[in-house]
Amino acid sequence: MPAHEQKPNAFTWPVRVYYADTDAGGVVYHATYLDFLERCRTEWLRQIGHDQRDLARDHNLVFVVRNINIDYLRPARLDDLLDVGLEVDKLGRSQVVFRQHVRRASPDAPSGWEELVTATVQIVCVDFAKMKSTPIPDWLRAKFETLQ
């Protein structure tokens, strides 16, 4: 499977693999990748000027995962330095679909990166008090559009 060509405006976050991230064999445990993907989305949100805690407190908004489709292509191992990335694939009224990846630098790969995990993650904007979906506010939507 050829590596997805990421958009120039994609966001990436470096992640080091620690012992706690791995199984007894030193291979990253499959559910840990979900944590890596979540950290990337959280740091992207922070980079565009919004902390999840502040969105909940000041605007009564939270984002919840509705669906994840993940492909495990190659294992990451203890002490690997990974590149976890995202780009906005689709932006709906109250939903965002992210294309995400976990990569490792590889001089043998044509792109210089070895694709380890790819995922499509659908999140929904939710009214925190009612726990019901709500439209993404225009002021926040404008920032999400910068990655489309």
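Everything discussed here concerns the structure shown above.
Definitions and cut-offs
- Residues numbered from 1 in each chain as written.
- Predicted model: local features only at pLDDT ≥ 70, side-chain atom pairs only at ≥ 80, totals over all residues.
- Heavy atoms only, no water.
- Salt bridge = Lys/Arg side-chain N within 4 Å of Asp/Glu carboxyl O.
- Helix = DSSP H or I, 4+ residues; strand = E, 2+ residues; numbered from the N terminus.
- Buried < 20%, exposed > 50% of the residue type's maximum accessible area, 1.4 Å probe, protein only.
- Expected span 1.5 Å × (residues − 1).

(A) Seen up close, the pattern of salt bridges. Under the definition given, this model contains eleven salt bridges. Two residues, E43 and R46, come together in a salt bridge whose shortest N-O distance is 2.8 Å. A residue pair is termed a helical-turn pair when its members lie 3 or 4 positions apart in one helix, as E43 and R46 do in helix α1 (residues 32-47) at three residues. Given the relative accessible area of 42%, R46 is considered partly exposed. Here E115 makes a salt bridge to R103, at a shortest N to O gap of 2.8 Å. In this pair, E115 is assigned in strand β5 (residues 113-127) and R103 in strand β4 (residues 95-105), connecting sequence segments twelve residues apart. Overlapping salt bridges bring together E43, R46, D51 and R53 as one network.

(B) Inspection of α1 at higher detail. For α1, which comprises 16 residues, the first-to-last C-alpha distance of 23 Å matches the rise-based estimate of 22 Å (1.5 Å per residue) to within 8%. Backbone geometry just after α1 places G49 at a positive phi near 100°.

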